[in-house]
Amino acid sequence: MNVEIVDRRSLLSGLFKELIIKKNETAVIAIDMHRGHLDMDVATMPAKPEDAKRVIAKGREVLDFCRKNHVPVIHVVLVHRRIPGVGTDAMVSPFWQAMHAAQAETDRLVPGRKSTVREHNVEGSRGTQIMPELYRDGDYVIDNKKRLDCFYGTDLKHLLDVLNIKTVVLMGINTNTCVLNTAFTAFNFNYRVVVLSDCVASMYGDDLHVLGLQNISRCLGWVVTNQQFFEKLEERKHELQP
């Protein structure tokens with residue numbers, strides 16, 4: 001069945017006019033922007049090389065801007081433990097067990113590229129390292145994410161509350177899983193949810209990348225470009241000047 005994407009441009013335009021981003025109540029959350037997705041030499045679940053290059057470059061642009069403007073940067077990284085007789089703590093998931101058993105050389109979780117569920121981001125592996133272009137001293141790091149939601153089993157909510165954050169700006173991998181799941185929970189916690197379209201991608205395919213962005217922009221929050229994000233922050237800053 002072919003499904004056309006519903007044209008909601010007029011609604012989205014109206015929503016964008018209502019978006020206010022206050023610098024002192026905003027944090028950017030970089031989701032799984034590690035070597036396990038973005039470094040083609042070591043990635044166990046690689047994004048497309050061209051997507052990885054874009055996400056790193058555009059992500060660095062935003063993170064540098066945020067640091068300059070004293071907007072907190074929070075990295076959340078998936079790290080799995082080795083569990084004897086199981087593999088890793090990822091492998092207690094029935095779906096991931098089935099995916100590991102079902103995948104063949106030409107039919108893997110990541111379309112067209114080698115990938116492994118069982119060996120992805122194991123504790124101590126290079127895949128768990130944040131891309132060096134994206135990390136700076138002073139950034140916050142949460143490295144005990146175990147599932148698709150950055151809030152689940154981590155102290156992300158506690159950190160956001162300590163920082164008095166009301167708006168979360170999301171970037172990273174994958175648009176339709178970890179970014180989307182985190183957007184849902186952030187919405188349920190009553191944060192203002194903003195996703196940077198320039199800084200997200202999906203290893204699962206462009207169709208699911210588009211699905212993730214459509215779902216967020218029409219149901220959960222705002223999907224904006226880097227430039228639109230910069231303009232919203234600058235717009236608010238000018239309003240506050242005497």
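See the structure above.
Worth saying up front: this structure is predicted, and the values here are computed from it rather than measured.

**Considerations on the sheet that holds strand β5 (residues 140–145)**
Spatially, β5-β2-β1-β6-β7-β8 is the arrangement adopted by the 6 strands of the open sheet, whose pairing is parallel. Whereas interior strands pair on both sides, the edge strands pair on one side only; in this sheet they are β5 and β8 (222–224). Geometrically, the sheet is characterised by an average inter-axis angle of 25° between neighbouring strands, direction not taken into account. Here helix α3 (residues 49–68) sits on the sheet and contacts β1 (26–31), β2 (73–78), β6 (167–173) and β7 (192–201); the angle it forms with β7, its principal contact strand, is near 135°. Helix α7 (residues 206–219) contacts β7 and β8 of the sheet and is inclined by roughly 160° relative to β7.

**Notes on the pairing of β6**
For a regular strand, side chains alternate in direction, first toward one face of the sheet and then toward the other. For β6, the tally of buried residues reaches 7 of 7 residues, placing the bulk of the element in the interior. Residues of β6 alternate between two faces, with Thr 167, Val 169, Met 171 and Ile 173 on one and Val 168, Leu 170 and Gly 172 on the opposite face, all of them buried. Examined bridge by bridge, β1 and β6 share 6 bridges and lie parallel to one another. Note that in β6 the partner of Ala 30 across the bridge is Met 171. As paired elements, β6 and β7 share 6 bridges and run parallel to each other. Looking at β7, one finds that Gly 172 is bridged to Val 200. You can see the chain leave β6, run along helix α6 (residues 175–188) and come back into β7, and the turn it takes is right-handed.

**Some details on the state of the cysteines**
Summed over all chains, the structure comprises 0 disulfides. The closest cysteine sulfur to the non-disulfide-bonded Cys 150 is located on Cys 178, 6.4 Å from its own sulfur. Lacking any disulfide linkage, Cys 199 is separated from the closest cysteine sulfur, that of Cys 66, by 9.4 Å. Its relative accessible area of 0% is what places Cys 199 among the buried residues.

**Details of the packing of α6 against α7**
The relative placement of two packed helices comes down to the angle between their axes together with the axis-to-axis distance. Two elements in contact, α6 and α7, have axes separated by 9 Å at closest approach and are oriented at 15°. The pairing of α6 with α7 is recorded here as roughly parallel in orientation. You can see that α6 and α7 cross each other, and the crossing is left-handed. Contacts between α6 and α7 involve Thr 175, Asn 176, Val 179, Leu 180, Ala 183, Phe 184 and Phe 187 on the former and, on the latter, Leu 208, His 209, Gly 212, Leu 213, Asn 215, Ile 216 and Cys 219.

Rules used in this analysis
Residues numbered from 1 in each chain as written. Predicted model: local features only at pLDDT ≥ 70, side-chain atom pairs only at ≥ 80, totals over all residues. Heavy atoms only, no water. Pairing = 2+ DSSP bridges. Helix = DSSP H or I, 4+ residues; strand = E, 2+ residues; numbered from the N terminus. Axes fitted to C-alpha atoms, helices over the stretch in contact; angles between N-to-C directions. Contact = heavy atoms within 4.5 Å. Buried < 20%, exposed > 50% of the residue type's maximum accessible area, 1.4 Å probe, protein only. Right-handed = clockwise from strand over helix to strand, strands pointing away. Disulfide = S-S within 2.5 Å. Parallel < 35°, antiparallel > 145°, perpendicular 65-115°, else oblique. Left-handed = near helix turned anticlockwise from the far one by under 90°.

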